[in-house]
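# Reading the structure
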Amino acid sequence: MATPKVALVTGSNKGIGLAVVRALCKQFPGDVFLAARDVGRGTAAVENLKAEGLKPLFQQLDITDPQSVRAARDYFKENYGGVDVLVNNAAIAFKMADTTPFGTQAEVTLRTNFFATMDMCQVFLPIIKAGGRVVNVSSVMGSIALSKCSAELQARFRSDDITEEELTALMERFVKEAQEDVHSQRGWPSTAYGVSKTGLTVLSRIHARRLRQERPQDQILLNACCPGWVRTDMAGPNATKSPDEGAVTPVYLAMLPAGAEGPHGQFVSEKTVQPW
Ligand code: NAP
C-alpha cells in the first residue's frame, strides 16, 4: 500500500492554526496533524474537531524545544517517509498594553517567531517530499516593519542575495540593539512582532531560492503569507475575520495543485502575491 500523504500544522490547538487544520481535514487527500506544544490543549482541540465529524491526528510539537522538533521529524520520516504539507503557524505576540521592557519583548518574540521557526525549517525542509508545500504564516506587520527600517536594512531585506547567515545575524543584532535601547538610532522600527515577521518573510524568500537551486526537480512550493486581521486570542475580538476566513490564504497555498509553478518564494495575502 502506498504511504498516505500527510499535512502538519504547528500551533494549531486554537486560532488560525486550528481553522487551517479544519479546512485541510475537508480538502487535503491524506492525514492531517494538529500539532500543539501542550498535549492537553492539543488533544482537546482534536476531540472538538472530531465532534464536527472530522478526523485530525495529534502530534506534540513545541517549536522552541529542539528535542520535540526532532522527535516529530523522526515520527513523520518513519511513518510517512516525510511531510507533504507543512504550515508553520505557531507564533506569539505581546499585547499592545504589555509593559515588559522592549528588549525583553524583542528577545522573547524573536525566539519563537523567527529563531524557532527557522529551526523548524532546518529540521523539516529536508524531509518535505517532492511536490510538497510549505506555508509560513507571517504578517503584513512584517511588511510595515520593513518599510520603517533604515534604507540600508530595507535594501538587505529586499535583496536576492541575502543568506540565512546574514539574516540570522541581522535578527540577532535587532535583539541586542533593542536590549541596549539603541535599536531606533540603528535603523530598526519599535515593533518586535513586526521585525520577527519581516525576518520570517525574508527567510521564506531565502528558503524558496535554495529549494530551486538544490532540489529543482522536486517542485516544492514555499511561500509566506498574511491571514488578514483575525479574531483570535492574539488579535482580539475586534478583528475583521473569523478564524475560518483567516485560514483561506494559508490553505490556498497549502493546496496549490500538483504541477503549479507558483507562487513560490512570495509574500501572499488574500490569495494574491504582494510586493516586497
Ligand atoms: P493564537 O490564537 O495566539 O494562536 C497561536 C498558536 O501558536 C497557539 O496554538 C499557541 O499555542 C501556538 N504556539 C505559540 N508558541 C508555540 C510554540 N513554542 N510551539 C508550538 N506552538 C506554539 O494566534 P493566531 O492569531 O491564531 O496566530 C496564528 C498565526 O497567524 C501566527 O503566526 C500569527 O503571527 C499570525 N497572524 C495572525 C493575525 C491575526 O490577526 N490573528 C494576523 C497576522 C498574522 P498555546 O495555545 O500553547 O499558546
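Just above, that's the structure.
Conventions adopted
- Residues numbered from 1 in each chain as written.
- Predicted model: local features only at pLDDT ≥ 70, side-chain atom pairs only at ≥ 80, totals over all residues.
- Heavy atoms only, no water.
- Helix = DSSP H or I, 4+ residues; strand = E, 2+ residues; numbered from the N terminus.
- Buried < 20%, exposed > 50% of the residue type's maximum accessible area, 1.4 Å probe, protein only.
- Polar contact = N/O pair within 3.5 Å; in protein donor to acceptor, adjacent residues only side chain to side chain.
- Contact = heavy atoms within 4.5 Å.
- Phe/Tyr/Trp six-rings, centres within 6.5 Å; stacked < 30°, edge-to-face > 60°.
- Core = buried A, V, L, I, M, F, W, Y, C linked by side-chain atoms within 4.5 Å.
- Expected span 1.5 Å × (residues − 1).
- Salt bridge = Lys/Arg side-chain N within 4 Å of Asp/Glu carboxyl O.
- Near = heavy atom within 4 Å.
- Areas by Shrake-Rupley, 256 points an atom, 1.4 Å probe, with all protein chains shown as cover.
- Nonpolar A, V, L, I, M, F, W, Y, C, P; charged D, E, K, R; others polar.

Our next topic: the side chain of Ser139. Positionally, Ser139 belongs in the loop between strand S5 (128-137) and helix H5 (140-147). For Ser139, a relative accessible area of 6% gives the class buried. Within the local environment of Ser139, its side chain forms a polar contact with the backbone nitrogen of Met141, the two atoms lying 2.9 Å apart. In contact with Ser139, other than residues within four places in its own chain, are Tyr193, Lys197, Cys225, Cys226 and Phe267.

Next up on the list: the packing of aromatic side chains. Enumeration over the complete set of coordinates arrives at 10 aromatic pairs. Taking 6.1 Å as the distance between ring centres and 85° as the angle between the ring planes, the aromatic pair formed by Phe102 and Phe174 counts as edge-to-face. Residue Phe102 is found in helix H4 (residues 102-124), and its partner Phe174 is found in helix H7 (residues 164-179); the two are separated by 72 residues along the sequence. By relative accessible area, Phe102 is classed as partly exposed at 22%. On the numbers, 6.1 Å between centres and 50° between planes, the contact of Phe157 with Trp188 is tilted. Here Phe157 is found in helix H6 (residues 151-158), whereas its partner Trp188 is found in the loop between H7 and helix H8 (192-214), with 31 residues between them in sequence.

Right, let's get into the nonpolar core. If you look at the biggest cluster of nonpolar residues, it comprises 30 residues, and the most contacted ones within it are Val20, Val21, Leu24, Leu34 and Val87. Element by element, the count of residues in this core is highest for helix H1 (residues 15-27), at eight residues. Residue contacts for Leu24: discarding those within four places in its chain leaves Ala7, Val9, Val32, Val251, Ala254 and Met255. Ala72, Ala116, Met120 and Phe124 belong to the second largest nonpolar core, which has 26 residues in total.

Between the first and last C-alpha of H1 there are 19 Å, a value that for 13 residues agrees with the 18 Å anticipated at 1.5 Å per step. Buried residues dominate H1, accounting for 10 of its 13 residues. Where H1 is buried, its residues meet strand S1 (6-9), strand S2 (31-36), helix H2 (39-51), strand S4 (83-88), helix H9 (243-246) and helix H10 (248-254).

A few words now on the pattern of salt bridges. For the coordinates displayed, the defined rule picks out 18 salt bridges. Close ionic contact of Arg215 with Asp218 constitutes a salt bridge, the shortest N to O distance being 2.6 Å. Judged by its relative accessible area of 21%, Asp218 falls in the partly exposed class. Within the structure, one salt-bridge network assembled from shared partners comprises Lys5, Asp84 and Lys129.

Further remarks concern unusual backbone geometry. Here Gly262 and Pro263 are connected by a cis peptide whose omega angle stands at -5°. The residue Pro263 is located in the loop between H10 and strand S7 (267-269) in this model. Phi is positive for Glu270, close to 50°, though the residue is something other than glycine. Positionally, Glu270 belongs in the loop between S7 and strand S8 (272-274).

The full set close to the ligand counts 28 residues, and Asn13, Arg37, Asn89, Tyr193 and Thr232 are the nearest of them. In this structure, Tyr193 approaches the ligand through a side-chain N or O atom, which is 2.5 Å from an oxygen atom. In isolation the ligand has 910 Å² of accessible area, and contact with the protein removes 94% of it. Elements with a minimum of two residues in the shell around the ligand: H1 and H8. Classifying every residue of the shell around the ligand gives 13 nonpolar, nine polar and six charged.

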